[in-house]
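Listed below are the residues making up each chain.
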Amino acid sequence: MSDRPEARRAGIVGTGLIGASIGLALREQGWTVTGDDQDPARAAEAVELGAIDAVGTDPRAAITFVATPVGSIVEAAQRALAGPGLVTDVGGVKGPIAAAVADPRFVGGHPMAGSEQAGITGARADLFRGAVWVLTPNDTTDDAAYVQVRSIVSSFGAEVVALSPSRHDRLVAVVSHVPHLAAASLMRVADDRADEHRALLRLAAGGFRDMTRIASGNPAIWPDVCADNADAIGEALDELMAQLSDLRAAIGSDDRRRVLALLEQAQRARVNLPVAAEAELELAELRVAVFDRPGEIARVATLATDIDVNIYDLEIAHSAEGQRGVMIMLVEARLAERLAGALMAHDYRPSIRPLS
């Protein structure tokens, strides 16, 4: 086996919807992509689709994307780390994976993207364009590894957000896991009622179909997700049930003012959900000296996420002495001072330069 990875060679483990879409996105940019799957027929289909060049494992891959179900990620990632390249994954739970794969060349990831079509048939090279792709570096993550993985997934058109593994799991429990479980539960209510009222499902129109669409996703992935993120999902379910109980009590007591207040709160929150960033933004360059030690980039990147500042581009310039480097970030100009202030509160000394 070569002890050096080769640029623009990638491996994919798991050639379903996400894995095949990653392969298509890489090959569109000229990468040579080798892929493998537990189902040989699906791997062969990935070749026919053009998602991978060949079936197998590339010992010279610069990066390997592990796109298996959550329960298989740790083993697949550890196996990929036997090679010389970087490894990332796409799992919807990050805490247990980060704890089990504490290697500087591993950068946990989770693209928040999907398709109405299940499996490899829904794969598209542009699946991640405009989607959020979470990366979860921690204190063991090599800074250069993080920057390289970030650069690659950004090239797919994704908006990269850095979160700690534990914070990721708490947040996705609310915005991904519980919504799926709630949609599935509502669908089961309708299904149970349909035995009694055959016309019910025929009456299911716009709003109901929109709300329950995610319940049509592959159920086989969810037992592992629920097991690995049980605490956060349990807390979010408790909050949801408390909200429903509050609404149920207001309806039961004919408290119309309370019902209206709850629905207006929800409406305001929905209207104020963030939207994709504008194509034309005034950017500023923010530079900050950081120590050349593991976890520095993770600390700065997650701090930016914590204060709602998106980093549009990121690179590291190493100093000649080798003890310190300079982290160079492009951020929205109007938010540069916010990030600079937060960095100064953590004893960093940033500088800002507007870009003309």
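Here, every reference points to the structure presented above.
Here goes a summary of the coordinates provided. Numbers given to residues run from 1 along each chain, matching the order in which its sequence is written. Given that this is a predicted model, residues contribute local features only at a pLDDT of at least 70 and side-chain atom pairs are listed and counted only at 80 or more, while totals for whole chains, interfaces and linings are drawn from all residues. Side-chain measures were taken over the full set of non-hydrogen atoms in the model, leaving aside hydrogen atoms and water.

Some remarks on the sheet that holds strand 3 (residues 54–55)
Test applied: A pair of strands is labelled paired if DSSP reports no fewer than 2 bridges between them. Helix and strand assignments come from DSSP, with helices taken as H or I runs of at least 4 residues and strands as E runs of at least 2, each series counted from the N terminus.
Strand order in the open sheet formed by eight strands is 3-2-1-4-5-6-7-8, with mixed pairing between adjacent strands. Across the chains shown, the open sheet's two edge strands, defined by having one partner strand only, are strand 3 and strand 8 (159–162). Note that strand 5 (residues 86–89) and strand 6 (residues 106–112) share two bridges and pair parallel. When the sheet's bridge partners are listed, Val-87 is paired in strand 6 with Phe-106.

Some details on the side chain of Lys-94
Stated formally: Relative accessibility under 20% of the residue-type maximum defines a buried residue, over 50% an exposed one, and the middle range a partly exposed one, all with a 1.4 Å probe and only protein chains included. Nitrogen and oxygen atoms within 3.5 Å of one another constitute a polar contact, given that in protein one can donate a hydrogen and the other can accept it, and given that sequence-neighbouring residues count only through two side-chain atoms. Note on contacts: a residue pair is in contact if any heavy atoms of the two residues lie within 4.5 Å.
Within the secondary structure layout, Lys-94 lies in the loop between strand 5 and helix 4 (95–100). Taking the relative accessible area as the measure of exposure, Lys-94 reaches 1% and is therefore buried. Separated by 2.9 Å, the side chain of Lys-94 and the backbone oxygen of Gly-109 make a polar contact. The contacts of Lys-94, once residues within four sequence positions are left out, are Asp-89, Gly-108, Gly-109, Thr-136, Pro-165, His-168 and Asp-169.

Quick notes on the nonpolar core
Spelled out, the test is: The term nonpolar core refers to a set of buried residues drawn from Ala, Val, Leu, Ile, Met, Phe, Trp, Tyr and Cys, joined through side-chain atoms within 4.5 Å.
Of all hydrophobic cores here, the largest spans 59 residues; its most connected members are Ile-22, Leu-26, Phe-65, Trp-133, Tyr-146, Phe-156 and Met-329. Top contributing element to this core by residue count: helix 1 (residues 17–28), with seven residues. The next biggest cluster of nonpolar side chains, apart from the first, holds 11 residues, and it includes Ala-76, Ala-80, Leu-81 and Ile-97.

As for a negative patch on the surface
Formally: Like charges within 9 Å and nonpolar side chains (Val, Leu, Ile, Met, Phe, Trp, Tyr) within 5 Å are joined into patches, using only residues over 30% in relative accessible area that form no salt bridge. Areas reported here follow the Shrake-Rupley algorithm with a probe of radius 1.4 Å; residue values treat only the protein chains shown as occluding. Take a side-chain nitrogen of Lys or Arg and a carboxyl oxygen of Asp or Glu: if they are within 4 Å of each other, that pair is a salt bridge. When charges are counted, neither His nor the chain ends are considered; positive counts come from Lys and Arg and negative counts from Asp and Glu. For this purpose, a charge sits on NZ of Lys, CZ of Arg, CG of Asp or CD of Glu.
Taken together, the side chains of Asp-231, Glu-235, Asp-238 and Glu-239 present a region of like negative charge at the surface. Residue placement: Glu-235 occurs in helix 10 (residues 230–252).

Some thoughts on the environment of Gln-267
Note that Gln-267 resides in helix 11 (residues 256–271). Residue class for Gln-267 comes out exposed when judged on its relative accessible area of 52%.

Things to note about the side chain of Thr-64
Among the structural elements, Thr-64 can be located in strand 4 (residues 61–66). When neighbours within four sequence positions are excluded, Thr-64 is seen to be in contact with Gly-11, Val-13, Ala-80, Leu-86, Val-87 and Thr-88.

Brief notes about helix 13 (residues 333–345)
Spelled out, the test is: In this description, the arc belongs to the directions extending from the helix axis to the C-beta atoms.
Regarding helix 13, the residues found buried are Leu-335, Ala-336, Leu-339, Ala-340, Ala-342 and Leu-343. Projected down its long axis, helix 13 carries its buried residues within an arc of 165 degrees, all on one side. Structural note: helix 13 exposes Arg-334, Glu-337 and Ala-345 on the side pointing more than 90 degrees away from its buried face. Close packing links the buried residues of helix 13 with strand 9 (283–291), helix 12 (296–306), strand 11 (324–332) and strand 12 (350–354). At the exit of helix 13 stands Asp-347, carrying a positive phi of roughly 70 degrees.

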